Each structure stands twice: as structure tokens, then as C-alpha cells.
Amino acid sequence: MTSAVPSGFAATFVAAAFLAFSASISLAQIAVGQTKSSQVAGDPLPADGPAQALVRVGLSVSDNSVFAPVAAAAELGFYAEAGLSVRIVPLRGVAAAEEALAAGHVDVIDHTVAYAARAIAAGSQLKIVAVATNGFYGWSLIVRTDSPAKSLRDLVGAKIGVGPRLSVADMAARRLADLSSANFQFTPTGPGALAPALRTGELDAVLYSATVAQREVTSGNARTILDLTDPADRTALYGYSASRKMRETRGDDLRAFLGAVHRAAAHMKSDKAWSLRFLRTFTSVNDPALAEILFERVVRYLSTDGASQPDDVARGLALAARAWNAPVLADLDPAMIVANAFLSPDP
């Protein structure tokens, strides 16, 4: 591992990465609030009480159950107890989130280790300050209920729909190929088009997260061939990134925010009934069976301390390097990407 970004970082890779998210909203829209209405989390204090520190959190996917603890902490009153007022700002995609963070419109964003590495290699000052999950929890490979495929071997040469290029979906596809030691025909497809294409036969199978793939299963339209949820997987994947300004000038507020989030994650894991009710609202899931899957395959594996190990981060970078054909990512020092300095010992 090296401690600096290797020279000659592929400009074409960086350009392609950001073009993949070119539909993102502009910073002007973020600044004037033309996105979906922001939520202000945290119980109000009496007028004569101490002022609450504001933390603005950008969510690029506002219903991703991995980041449900951000909203759960507000519902449970944990931010107010920590002296914080947290504003959740919905954003359209990773590029919009990274731009908003760089411009100072938000303080923290939902992120992945691989996205953070890509941004840092391109010159960004952000850094992952807590890891949310290690592994592809909730991701699965599904086929239509009438498909003749019974195992992975039956899908060699079949058309498998995954998410957009240069995304977590590419990494999941690479993980699937590694697990099976087989070559598959992966077809980049927008998340909203995956299920319809599977139903019409344009795709033979779909590999995606639970809210898309398992929704088809619980609806009776598909069945699962392989679940990528693996408690033994130690590949650092999702996390929270903070701006340099937040890290350097508001470290105590950042520490308090993460502590409340991890406290909420612990509550969600220990109180299943509460979590199922909350997940149905947060993810807009009406099907109790799908909410159950989100709890069992995602919430149960959420980190309650945010800590990461260098080897876990290195595995995530190596997987992204192969999935995105960007070998430079595998050469980055994990310490450049992730910092554990803002984690509380007892969330």
C-alpha cells in the first residue's frame, strides 16, 4: 500500500465515474431547497434551553435501509439528547451528494468506501468516518418463478441485470463471479427497469439489493437463486463520509452525531418489532414480508460502532478496482480513505 495517490490516475475513469451520475441535481437546487423537502430531526428544546448544534446529512438514496439509523435516531430522540439538531437533505445520487459536501451545503453524506476512494483519488477532501456494513447484506440473485434455472450453473451465459456501471452493483457482480468461479453476462440496467425487464423476459436474472430483488420474490414474481448476505464477509462497503471542515472544526459534533446513529442501530437490532414498524415507513415498504427481509438481511448486520479494520477496507478497494477496471484503487492506503478518530467507545 502507498500513502499517496499514485501519479497518472486515469482521467478517463474519473470522467466516466461522474458521467454515470450526470442526472444529479445542481448545487443551486440544493441551496434553494428545490429538492424533496428536507427533514429536521431532533426534538426541540425549550426556548430557554441550550442551543442545539445543527448537523446536515445528505442522503443520496433516501430509503436505503443501511442508513435507516440516521432517521431512527431522530425518532428515538437520540439527537436531542446529544445536543444536536439533524437536518436530513435528500439528494439525487452520489455525485450530487459529493458536490453538496464539497460545497459545504451538507456536513455528512451516505457513501461507500469505494466511492470515497474514487473521490479522494480525484482530489476530494472528504473521508469515511464510520463504516455501516461489511458485505453485501440484502443483495441477492433472482429469477422468474417459471425460470428453468435452479442454480448458478444454469445461469452461465444468461443475461443478468445489474445496476448502473461504476456502482456498487458492479462490485456485487464481481463478488458473484468470484463466489461461483464462472463467467456471467452482466447487463447494466437502471434500478427501476430491473424488475419489469425480468418479468418480460428481457433479462434472465437480476442481481440487486433487497428493496428491488426481494420485492419481486415476496410479490410472487421471482425466486432467489443465491443470497449474497454472508456474515463472514469482511468487505467494507457502506459508510458515512464527512467534509474536511466538519472533521477539523466540529469534531465533537461529528462524534455526537455518529454516537447517536450507532445507538439507534443498536436499538433497531435489539427491538425487532419497533424496527419493522419503522422500516415500513422509512423505506415505503407496505409488504410485511419484505420488511422482515430487510430486518433479517440488513438491519441485523448494521455496525453499532462504525469501526473498520485496514484489511476490510483494503478488500473493498480491491473489489472495486477489479469491478471498475481501476487498478489504482487497490493501491490506495486504507488510512487515506477511512478514519476511526470520531467514533465513540460506547455508542
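Residues numbered from 1 in each chain as written. Predicted model: local features only at pLDDT ≥ 70, side-chain atom pairs only at ≥ 80, totals over all residues. Heavy atoms only, no water.

Draft legend 1. Just the packing of helix α11 (residues 251-270) against helix α12 (residues 272-282), in detail. In the contact formed by α11 and α12, the axes pass within 5 Å of each other and the chain directions differ by 110°. Between α11 and α12, the crossing angle belongs to the class labelled roughly perpendicular. Across the interface between the two elements, H267, M268, K269 and S270 of α11 pack against K272, W274, S275, F278 and L279 of α12. Grouping the amino acids of the contact of α11 with α12 by side-chain chemistry returns four nonpolar, three polar and two charged. (Axes fitted to C-alpha atoms, helices over the stretch in contact; angles between N-to-C directions. Helix = DSSP H or I, 4+ residues; strand = E, 2+ residues; numbered from the N terminus. Parallel < 35°, antiparallel > 145°, perpendicular 65-115°, else oblique. Contact = heavy atoms within 4.5 Å. Nonpolar A, V, L, I, M, F, W, Y, C, P; charged D, E, K, R; others polar.)

Draft legend 2. Molecular detail of the pattern of salt bridges. Taken as a whole and judged by the stated rule, the model has 19 salt bridges. Salt-bridge contacts for R322 lead to D178; the nearest nitrogen and oxygen are separated by 2.7 Å. You can see R322 sitting in helix α14 (residues 310-323) and its partner D178 sitting in helix α7 (residues 168-180), a full 144 residues away along the chain. In this structure, K272 and E296 form a salt bridge, with 2.9 Å as the shortest nitrogen-oxygen distance. A residue pair is termed long-range when its members are at least 10 positions apart, and K272 in helix α12 and E296 in helix α13 (residues 288-297) qualify at 24 residues. K272 gets classed as partly exposed once you look at its relative accessible area, which sits at 26%. In this structure, a network of salt bridges that share partners links the residues R56, D107, R250 and D253. (Salt bridge = Lys/Arg side-chain N within 4 Å of Asp/Glu carboxyl O. Buried < 20%, exposed > 50% of the residue type's maximum accessible area, 1.4 Å probe, protein only.)

Draft legend 3. Broad picture of the nonpolar core. Core analysis: the largest hydrophobic core is formed by 117 residues, its most contacted members being Y79, F257 and I337. The residues touching F257, leaving out its near neighbours within four places in the chain, are V55, V57, Y79, L84, V86 and V108. (Core = buried A, V, L, I, M, F, W, Y, C linked by side-chain atoms within 4.5 Å.)

Draft legend 4. Local environment of the packing of aromatic side chains. Taken as a whole and assessed by the stated rule, the structure comprises 11 aromatic pairs. Seen from their ring centres, F67 and Y238 are 5.9 Å apart, and the 90° between their planes marks the pair as edge-to-face. Note that F67 is positioned in the loop between β2 (53-59) and α3 (68-75) and Y238 in strand β11 (residues 238-242), a separation of 171 residues in sequence. For the pair F67 and Y240, a centre-to-centre distance of 5.1 Å together with 80° between the ring planes defines the contact as edge-to-face. Here the residue F67 occupies a position in the loop between β2 and α3, and Y240 occupies one in strand β11, the gap between them amounting to 173 residues. The pair F67 / Y240 is uniform in exposure class, with both members buried. Among the aromatic residues, those joined into a cluster by ring pairs are F67, Y79, Y238, Y240 and F257. Above the ring of W324, the side-chain terminus of R118 is found at 5.3 Å from the ring centroid. In this structure, R263 is placed above the aromatic ring of F78, and the distance from its NZ or CZ to the ring centre is 3.8 Å. (Phe/Tyr/Trp six-rings, centres within 6.5 Å; stacked < 30°, edge-to-face > 60°. Lys NZ or Arg CZ within 6 Å of the ring centre and 35° of its normal.)

Draft legend 5. Up close: the packing of α3 against α11. Axis separation between α3 and α11 bottoms out at 8 Å; the angle between their running directions is 90°. In terms of their interaxial angle, α3 and α11 are classed as roughly perpendicular. From α3, A68, P69, V70, A72 and A73 reach across to α11, where they touch A260, V261, A264, A265 and M268. Of the residues in the contact of α3 with α11, the class split is 10 nonpolar, no polar and no charged.

Draft legend 6. Spatial organisation of the pairing of strand β3 (residues 84-90). Of all seven residues that make up β3, six are buried, and the element is covered over most of its length. As paired strands, β2 and β3 are joined by seven bridges and run parallel to one another. Counted as the bridge partner of L59 is P90 from β3. (Pairing = 2+ DSSP bridges.)

Draft legend 7. Layout of α11. The terminal C-alpha atoms of α11, which comprises 20 residues, lie 29 Å apart, in line with the 28 Å expected from a rise of 1.5 Å per residue. Among all positions in α11, only G251, L254, F257, L258, G259, A260, V261, H262, A264, A265 and M268 are buried. (Expected span 1.5 Å × (residues − 1).)

Geometric descriptors of this kind do not, in isolation, establish any biological role.
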